[in-house]
Amino acid sequence: MRIFLVSNSARGHAIAEALVRSPQKPEIIAACTSNDPGMKRIAKEVHVTDIMSLSKIAALAKAAKPDFAFIAPDDPIGAGLADRLESEGIPCVAPKKHLARIESSKAFARDLMKKHGIDASPKFRVFTFTSTDEQTRLEKDIRGYMDHELHGQYVVKYDALKGGKGVKVSGEHLLTIDDGARYAMECVKECGTVVIEEKLIGIEFSLMSFVSGTTVVDMPAVQDHKRAYTGDTGPNTGGMGTYSDANGSLPFLTDKDLADASAINKKVAKALMDECGEPFKGILYGGFIAVADGVRVIEYNARFGDPESLNVLPLLESDFVKICQSIIDGSLSSNLVHFAPKATVCKYITPKSYPDAKDEKGQKIILPERFPDNVRVYFGDVSEDANGNVLLGGSRSIGIVGIGDSIELAEKAAQAACEKVAGPVHFRADIGTQESIQKRIDFMQKLRAK
Ligand code: AMP
Ligand code: GLY
């Protein structure tokens, strides 16, 4: 059994680790963006390459003669790597380009839900650039929508992948209607389309599912922390850390919230099948927000979350290779998927100046020789030099996951392990603490009581 894995981060390390736990004993041939020490220990071969060069990746994949490929990151999926590999006869756990538009186009995702009667979006409108002559009218329409329909509570979404930096929110990144209209016009000029939507108030969470066409099997729900600093302050990042609970839900969600999110993932998988005429095969990641009267969709992704995958994959007790095979051949069923009923807390170690600068790039960090059994360590943007030193890149460095019977125990394990990493690094001590979780529970209780 040989698996070709495309990876750019700790998420790829977690995927590789889950795959090699399979009784099918697969060999991993990995295409990575850096000389990743985690992947080096697990994979038979690691090729450091440009993962956006579809021809280079296709050549590597063909030479690897894999049973299937797993594509972890959004950019190559959005660019059509699954189409390319499948045309070479290599089945993929990753959707084809037109199905991946659920992530790569915010307008496609909103329009799809609307067309298929999935009532989970905020108020939204898609604006499209037609011609330079029409610019003034378009800007006037956008202002009118933001002001009169959304009452200044708006979100502007760039309609293409932009490394999580294409969304700007009123009251946070954009302070006035002028700011919003200016950014919206920038978006339409750059990519032709912009989505403007109502700003929702609530608490976000992620529900990822294994999907093969209309069969959808959920993983435990996870909550991410996008802001760089303690107390959810500072600039947005790819995600500073996450937690999940032993019961598969989250402490601030009602049973109905989770059931509704699960039903929405199922409806979206079916809508994709109906719309695109072929099955989505891969991971569907619903980005939800719990609001006063239920849940709404913030966005969809067509891949595992990073760090969300670091929480759930270590808990997967069933054969991950078999799950991948069943996604490909259409035999996926909930019987194949079992997660240990444990809580997890992940804290990302990042360079000190992340995300504003890359001042520590190339500097050394020192990790303990061993971590306790209830801790997992996943390498992200770090590389190993010839002497075995672990060197920082510019992005998130190492995801450290604590596992326990409760979030409290998992948090203590993750925190203690993070404190043992020496070097010019930073992490959020507050992620998964009782205090931080209680704040979310209280916030939702107040919101629901209004
Ligand atoms: P997205 O890339 O669509 O996930 O957006 C990035 C972030 O922007 C989300 O994680 C939210 O924090 C915020 N956001 C996006 N859409 C909305 C919305 N309709 N209301 C409030 N916040 C939003
Ligand atoms: N943790 C956010 C993401 O993977 O998109």
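One can find the structure itself at the top, above this paragraph.
This write-up is about the structure you can find in this document. As the structure is a prediction and not an experimental result, all values here were calculated from the model.

### Quick look at the overall build of the protein
Phase 1 of the analysis: Across its full length, the protein holds 14 helices and 24 strands.
Phase 2 of the analysis: A globule of 450 residues ought to have a C-alpha radius of gyration of about 22 Å, and the protein, at 21 Å, matches this closely.
Phase 3 of the analysis: Seen through its C-alpha atoms, the protein measures out along the principal axes to roughly 60 × 50 × 45 Å.
Phase 4 of the analysis: Here the protein holds 450 residues, and the buried ones make up 56% of them.
Phase 5 of the analysis: Look at the contacts in the protein between residues 6 or more apart in sequence, and 69% of them connect residues 24 or more apart.
Phase 6 of the analysis: For the protein, the accessible area works out to roughly 18200 Å², and carbon and sulfur atoms hold 48% of it.

### Brief notes about helix α3 (residues 54-64)
Note that an α-helix has 3.6 residues per turn; residues three or four places apart therefore point the same way.
Phase 1 of the analysis: Looking at α3, one finds that the buried residues are L54, I57, A58, A61 and A64. Along α3, the residues classed as buried sweep out an arc of 125° about the axis, all on the same side.
Phase 2 of the analysis: Those residues of α3 that are buried lie in contact with β1 (2-7), β2 (27-32) and α5 (81-87).
Phase 3 of the analysis: A positive backbone phi angle near 45° is found at K65, which sits one or two residues after α3.

### Quick look at the side chain of T49
Phase 1 of the analysis: Relative to the elements of secondary structure, T49 occurs in the loop between β3 (45-48) and α3.
Phase 2 of the analysis: Apart from residues lying up to four places away in sequence, T49 is in contact with A31, C32, T33, K56, I57 and L60.

### Quick word on the site of ligand 1
Phase 1 of the analysis: Around ligand 1, the structure places 14 residues, and the nearest of them are K106, E197, L200, E204 and E299.
Phase 2 of the analysis: A distance of 3.0 Å is found between a nitrogen atom of ligand 1 and a side-chain nitrogen or oxygen belonging to K157.
Phase 3 of the analysis: At a separation of 2.9 Å, a nitrogen atom of ligand 1 approaches a polar side-chain atom of E197.
Phase 4 of the analysis: With the chains in place, 86% of the 470 Å² that ligand 1 exposes on its own is no longer accessible.
Phase 5 of the analysis: Elements represented by at least two residues in the shell around ligand 1 include exactly β7 (154-158), β8 (167-169), β9 (193-198) and β17 (294-301).

### As for the site of ligand 2
Phase 1 of the analysis: Near ligand 2 you find D224, G238, Y285, N301, R303, G305, D306, P307 and E308, and these make up its full shell.
Phase 2 of the analysis: The contact in question runs from a nitrogen atom of ligand 2 to an N or O atom on the side chain of D224, over 2.8 Å.
Phase 3 of the analysis: The contact in question runs from an oxygen atom of ligand 2 to an N or O atom on the backbone of D306, over 2.9 Å.
Phase 4 of the analysis: In isolation ligand 2 offers 200 Å² of accessible surface; the protein chains occlude 89% of this area.
Phase 5 of the analysis: Within the shell around ligand 2, the residues separate by chemical class into two nonpolar, three polar and four charged.

### Considering the sheet that holds strand β11 (residues 215-218)
Pairing between sheet strands relies on hydrogen bonds along the backbone, with the strands arranged either parallel or antiparallel.
Phase 1 of the analysis: Pairing in this open sheet of four strands is antiparallel, and the strands run β11-β10-β16-β17 from one edge to the other. Two strands close off the open sheet at either side, each with one partner strand: β11 and β17. Taking the axes of each pair of neighbouring strands and ignoring which way they run, one obtains an average angle of 35° across the sheet.
Phase 2 of the analysis: Judged from the seven bridges that link them, strand β16 (residues 281-291) and β17 form a sheet pairing that is antiparallel. Along β17, the bridge assignment pairs V291 with G294.
Phase 3 of the analysis: Strand contacts of helix α12 (residues 320-329): β10 (203-212) and β16, with the helix running at about 70° to β10, the strand carrying the most contacts.

### A word on the pattern of salt bridges
Phase 1 of the analysis: This structure, assessed with the given rule, holds 34 salt bridges.
Phase 2 of the analysis: A salt bridge links E88 to R84, with the shortest nitrogen-to-oxygen separation between them at 3.8 Å.
Phase 3 of the analysis: Here E88 falls in the partly exposed class, since its relative accessible area comes to 30%.
Phase 4 of the analysis: In this structure, E278 and K96 form a salt bridge, with 3.2 Å as the shortest nitrogen-oxygen distance. With a gap of 182 residues between them, E278 in the loop between α10 (255-276) and β16 and K96 in the loop between β5 (92-93) and α6 (101-104) connect regions that are remote in the sequence.
Phase 5 of the analysis: Through salt bridges with shared partners, a single network forms among D232, R428, D430 and R440.

### Here we look at helix α14 (residues 434-449)
Phase 1 of the analysis: Spanning 16 residues, α14 covers 22 Å between terminal C-alpha atoms, matching the ideal 22 Å at 1.5 Å per step.
Phase 2 of the analysis: Every buried residue of α14 is listed here: S436, I437, R440, I441, M444 and L447. Looking down the long axis of α14, one finds its buried residues gathered within 140° of arc, a one-sided arrangement. Seen from the open side of α14, the exposed residues pointing more than 90 degrees away from its buried face are E435, K439, Q445, K446 and A449.

### What about the packing of aromatic side chains?
Phase 1 of the analysis: Under the criterion given, the structure shown has eight aromatic pairs.
Phase 2 of the analysis: Aromatic side chains F210 and F320 sit 6.3 Å apart centroid to centroid with 55° between the ring planes, which places their arrangement in the tilted category. Of the two residues, F210 is situated in strand β10 and F320 in helix α12; the sequence distance between them amounts to 110 residues. The pair formed by F210 and F320 is uniform in burial state, with each residue classed as buried.
Phase 3 of the analysis: Among the aromatic residues, those joined into a cluster by ring pairs are F70, F210, F304 and F320.
Phase 4 of the analysis: Between K168 and the ring centre of Y183, over which it is positioned, the NZ or CZ distance is 4.6 Å.
Phase 5 of the analysis: One cation-aromatic arrangement involves R303 over Y285; the distance from NZ or CZ to the ring centre is 5.7 Å.

Reading guide: rules and limits
- Residues numbered from 1 in each chain as written.
- Chains lettered and ligands numbered in written order.
- Predicted model: local features only at pLDDT ≥ 70, side-chain atom pairs only at ≥ 80, totals over all residues.
- Heavy atoms only, no water.
- Helix = DSSP H or I, 4+ residues; strand = E, 2+ residues; numbered from the N terminus.
- Rg over C-alpha atoms; globule rule 2.2 N^0.38 Å.
- Buried < 20%, exposed > 50% of the residue type's maximum accessible area, 1.4 Å probe, protein only.
- Contact = heavy atoms within 4.5 Å.
- Areas by Shrake-Rupley, 256 points an atom, 1.4 Å probe, with all protein chains shown as cover.
- Arc of directions from axis to C-beta.
- Near = heavy atom within 4 Å.
- Polar contact = N/O pair within 3.5 Å; in protein donor to acceptor, adjacent residues only side chain to side chain.
- Nonpolar A, V, L, I, M, F, W, Y, C, P; charged D, E, K, R; others polar.
- Pairing = 2+ DSSP bridges.
- Axes fitted to C-alpha atoms, helices over the stretch in contact; angles between N-to-C directions.
- Salt bridge = Lys/Arg side-chain N within 4 Å of Asp/Glu carboxyl O.
- Expected span 1.5 Å × (residues − 1).
- Phe/Tyr/Trp six-rings, centres within 6.5 Å; stacked < 30°, edge-to-face > 60°.
- Lys NZ or Arg CZ within 6 Å of the ring centre and 35° of its normal.

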